[in-house]
Amino acid sequence: MTSFDTLLTYFGAVILALTFLYGLKNYSITALAGFVAFCVFYFSFGVKDFEWKISSILVYVKDAVIIYVISFVIVAFALFLM
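For the structure given in this document, a descriptive report is provided here. If you're wondering where the values come from, they're calculated on a predicted model, not measured in any experiment.

### So, the environment of Leu58
One can find Leu58 in helix 3 (residues 54-81). Residue Leu58 is classed as exposed on the basis of its relative accessible area, which comes to 56%. A sequence separation of 17 residues divides Leu58 from Phe41, and the C-alpha atoms of the two residues are 16 Å apart.

### With respect to the nonpolar core
Core analysis: the biggest nonpolar cluster contains 18 residues, and Phe35, Phe38, Tyr42, Val47, Ala64, Ile67 and Tyr68 have the highest contact counts within it. Going through the elements one at a time, helix 1 (3-24), helix 2 (27-46) and helix 3 are the ones with two or more residues in this core. Element by element, the count of residues in this core is highest for helix 3, at 7 residues. Those residues in contact with Tyr68 that sit more than four places away from it in its chain are Ala13, Ala17, Thr30, Ala31, Gly34, Phe35 and Phe38.

### Notes on the packing of aromatic side chains
Per the stated rule, a full pass over the model turns up 7 aromatic pairs. Between Phe41 and Phe45, the ring centres sit 6.3 Å apart and the planes meet at 20°, which makes this aromatic pair stacked. Of this pair, Phe41 and Phe45 are both found in helix 2, 4 residues apart, which corresponds to roughly one turn of the helix. Overall, the relative accessible area of 58% leaves Phe45 in the exposed class. Above the ring of Tyr22, the side-chain terminus of Lys25 is found at 4.2 Å from the ring centroid.

### Some thoughts on the packing of helix 1 against helix 2
Running from N to C, helix 1 and helix 2 point in directions that differ by 145°, and their axes come no closer than 9 Å. Handedness of the crossing formed by helix 1 with helix 2: right-handed. Together, Thr9, Ala13, Leu16, Ala17, Phe20, Leu21 and Leu24 of helix 1 and Tyr27, Ile29, Thr30, Ala33, Gly34, Ala37, Phe38 and Tyr42 of helix 2 make up the contact between the two elements. Split by residue class, the contact of helix 1 with helix 2 holds 12 nonpolar, 3 polar and no charged.

How each quantity is defined
Every chain is numbered on its own, with residues counted from 1 as its sequence reads. Given that this is a predicted model, residues contribute local features only at a pLDDT of at least 70 and side-chain atom pairs are listed and counted only at 80 or more, while totals for whole chains, interfaces and linings are drawn from all residues. Water and hydrogen atoms play no part in the side-chain values, which are based on all heavy atoms of the structure. Starting at the N terminus, helices and strands are each numbered in turn, a helix being any DSSP run of H or I of at least four residues and a strand any DSSP run of E of at least two. Accessible area is worked out with a 1.4 Å probe on protein chains only. A residue is then buried under 20% of its type maximum, exposed over 50%, and partly exposed in between. We define a nonpolar core as any set of buried Ala, Val, Leu, Ile, Met, Phe, Trp, Tyr and Cys residues linked to one another through side-chain atoms lying within 4.5 Å. It only takes one pair of heavy atoms within 4.5 Å for two residues to be counted as in contact. Stacked, tilted and edge-to-face are the three classes applied to pairs of Phe, Tyr and Trp rings, where Trp contributes its six-membered ring and a pair requires centres within 6.5 Å; stacked means planes under 30 degrees apart, edge-to-face means over 60, and tilted covers the rest. Consider the ring centre and the ring normal. A charge sits over the ring if Lys NZ or Arg CZ is within 6 Å of that centre and within 35 degrees of that normal. Angles shown run from 0 to 180 degrees and are taken between the N-to-C directions of axes, each axis being a line fitted to C-alpha atoms and, for helices, limited to the stretch in contact. Crossing handedness: left-handed means the near helix sits turned counterclockwise from the far one by under a right angle, and right-handed means the same turn made clockwise. Throughout, the ten residues Ala, Val, Leu, Ile, Met, Phe, Trp, Tyr, Cys and Pro are labelled nonpolar, Asp, Glu, Lys and Arg are labelled charged, and all others, Gly among them, are labelled polar.

Shown next, in the form of structure tokens:
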């Protein structure tokens, strides 16, 4: 992925987490439901050469977890300050 694609992926994860957290007002449901929704979009549009192998899945899920956790922490902190 190019740096622009990575930037769009992070912004998309932030928007998704913000939408879920603002609408649901529940951190645990937002963390789970937002991650599932983010994985659907990430595997559909973000990963170009995705193969359904355990080794391939673990690498991409690890990347998706890192992206979503960073985005979720930013959103949770921002809403905590409001």
